[in-house]
Amino acid sequence: MSQMNGRSVTLLLLFLLLLGILYVYITQSYRMILCSPDNEETKDTGYAGEAIVHNHELQMPLDDLQYKQPSITQGRTDVVTVTPWLAPIIWEGTFNPVLLDSIYKPKNISIAVTVFAVGKYIMFLKNFLETAEQHFFIGYRVHVYVFTDRPNEVPDFKMAAGRQLSVRSVPSSNRWQEISARRMELIQMLIEEKLYGNSDYIFCLDVDSKFHDRWGTESLGGLVAVIHPGYYRDDRSRFPYERRTISKAYMAAGVGDFYYCGGAFGGRLKDVHLLAKTCRSNFEADAKEGVEAAWQEESHLNRYMWINKPSKVLSPEYLWQDFKERNSEIHIIRFSGVVKNYAAIRPNQ
Ligand SMILES: *[C@@H]1O[C@H](CO)[C@@H](O)[C@H](O)[C@H]1NC(C)=O
């Protein structure tokens, strides 16, 4: 009888051991499904493809999102949607905003914006801020930094939840070229002093402009440049690059990709920090030689973007000019420079 009991106990123990092994096996494989390398936190470099890897699938399952099947054979044919170095060029009709937002929303990203409202340019600030509230990264954390020499004239502005406005004082200047020159330095300092650890992306935008339509997560990337609306159909020999070899912004005849706007650029903090730092030091080196590039910081930015190719390029939808007639490939104008009388607002010509 006692021998029988001993055998039962052994069998029972064996059974329990098997059960234990089975349990560990099941939980392990379940965990493997949830934590497969694809779901691990990887630092997003701004490419949408890598962003998908980053998706927190337990928070917002893509299974529940209904969206149109992407096509591999149909899409925009009137414009080029990828650069020769394989950076996407963003045009209306090349992305699904609902899908993009469902990818970026769970990441709780924060976007900083710099805008310079020096001298009479303060008159454009209200319209810029009001339209940004309607179209710029709606539903995301946005922090607008206004640089001005007239802090008292910044309009009293109530922003939506999650959105903030900070005013930073800068000295006045008698030359608009100088105001433009100091922008890179101020952007560099802002990133170092305030943004690291608080923001994920930054966009540096011209204040004498306004939003008309969505500017959102489709624009996010490592280094983001905007194609200038004035030259995008032109041969590069006609781009207003700096052509004098004495300048650090020099571009030889026969080189260059696109002509980019100085009025809108952005990306990840570290990428924009390097851009600002480099452009600033090249600008200062020029100044030491008594040289001012053809279009100041825009010339330096163009040289920088030629050497350091942007990882995402925004079409001229992202900075049109109000006085320009809309071309057929421009299906939407998202942001545009307002018509202005330079004589009335610039301290000098
Ligand atoms: C998003 O980040 C901010 C700042 O870190 C934090 O206060 C907020 O609670 C976060 N929101 C979510 C939904 O995680």
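Report follows, based on the coordinates. No experiment lies behind these values; they were computed from the predicted model shown.

1. Points about the overall build of the protein
When helices and strands are tallied, the protein shows 8 helices and 11 strands. The proportion of buried residues among the 349 residues of the protein is 46%. If you take every contact in the protein between residues at least 6 apart in sequence, the share linking residues at least 24 apart comes to 74%.

2. Examining the sheet that holds strand β10 (residues 320-321)
By definition, the strands of a sheet pair up through backbone hydrogen bonds, in either a parallel or an antiparallel sense. Read across the open sheet, the 3 strands follow the order β6-β11-β10; overall the sheet is mixed. Edge positions in the open sheet fall to β6 (209-211) and β10, since each of these has one partner strand only. As paired elements, β10 and strand β11 (residues 335-337) share 2 bridges and run parallel to each other. By the bridge assignment, Q321 is partnered in β11 with G337.

3. Focus on the sheet that holds strand β4 (residues 163-169)
Judged by pairing direction, the sheet is mixed, and its 8 strands sit side by side in the order β1-β9-β7-β8-β5-β2-β3-β4 without closing on themselves. The open sheet terminates on both sides in strands that have one partner only, identified here as β1 (89-90) and β4. Here 2 bridges tie β1 to strand β9 (residues 312-314), and the two strands are oriented parallel to one another. Residue I89 lies in a different strand from β9, and its bridge partner there is V313.

4. Considering the packing of aromatic side chains
Think of a pair of aromatic rings as described by two things: how far the centres are apart, and how the planes are tilted against each other in angle. The final tally for this structure, using the stated rule, is 22 aromatic pairs. Relative to Y140, the ring of F137 lies with its centre 6.0 Å away and its plane at 90°, an arrangement referred to as edge-to-face. Across this residue pair, the class does not change: F137 and Y140 are buried. Relative to Y318, the ring of W215 has its centre 5.1 Å away and its plane inclined at 90°; by these criteria the two rings are edge-to-face. Pair noted here: W215 is in the loop between β6 and β7 (223-227) and Y318 is in the loop between β9 and β10, with a separation of 103 residues, a long-range link. Under the relative-accessibility criterion, Y318 is labelled buried at 0%. Through a chain of ring-to-ring contacts, the aromatic side chains of F128, F136, F137, Y140, F203, F211, W215, Y318 and F335 assemble into a single cluster. In this arrangement the basic side chain of K105 is found over the ring face of Y140, its NZ or CZ atom lying 5.0 Å from the centre.

5. What to know about a nonpolar patch on the surface
Taken together, V9, L12, L13, F15, L16 and L19 make up a surface patch of nonpolar side chains, about 600 Å² in accessible area. Assignment of secondary structure puts F15 in helix α1 (residues 2-34).

6. Looking at the packing of helix α6 (residues 269-288) against helix α7 (residues 296-307)
Running from amino to carboxyl end, α6 crosses α7 at an angle of 120°, the nearest separation of the two axes being 9 Å. Accordingly, the angle class assigned to the pair α6 and α7 is oblique. In this structure, the crossing between α6 and α7 has a hand that is right-handed. For the pair α6 and α7, contact is made by D271, L274, L275, T278, C279, N282, F283 and D286 and by Q296, E297, H300, L301, Y304 and M305, respectively.

7. As for the pattern of salt bridges
Across all of its chains, the model carries 17 salt bridges by this definition. R183 is paired through a salt bridge with D206; the nearest N and O atoms lie 2.9 Å apart. You can see R183 sitting in helix α5 (residues 176-195) and its partner D206 sitting in the loop between β5 (201-205) and β6, a full 23 residues away along the chain. On the basis of relative accessible area, D206 is assigned to the partly exposed category, the value being 23%.

Quick notes on the rules
Residues numbered from 1 in each chain as written. Predicted model: local features only at pLDDT ≥ 70, side-chain atom pairs only at ≥ 80, totals over all residues. Heavy atoms only, no water. Helix = DSSP H or I, 4+ residues; strand = E, 2+ residues; numbered from the N terminus. Buried < 20%, exposed > 50% of the residue type's maximum accessible area, 1.4 Å probe, protein only. Contact = heavy atoms within 4.5 Å. Pairing = 2+ DSSP bridges. Phe/Tyr/Trp six-rings, centres within 6.5 Å; stacked < 30°, edge-to-face > 60°. Lys NZ or Arg CZ within 6 Å of the ring centre and 35° of its normal. Patch = residues over 30% accessible without salt bridge, like charges linked within 9 Å, V, L, I, M, F, W, Y side chains within 5 Å. Areas by Shrake-Rupley, 256 points an atom, 1.4 Å probe, with all protein chains shown as cover. Salt bridge = Lys/Arg side-chain N within 4 Å of Asp/Glu carboxyl O. Axes fitted to C-alpha atoms, helices over the stretch in contact; angles between N-to-C directions. Parallel < 35°, antiparallel > 145°, perpendicular 65-115°, else oblique. Left-handed = near helix turned anticlockwise from the far one by under 90°.

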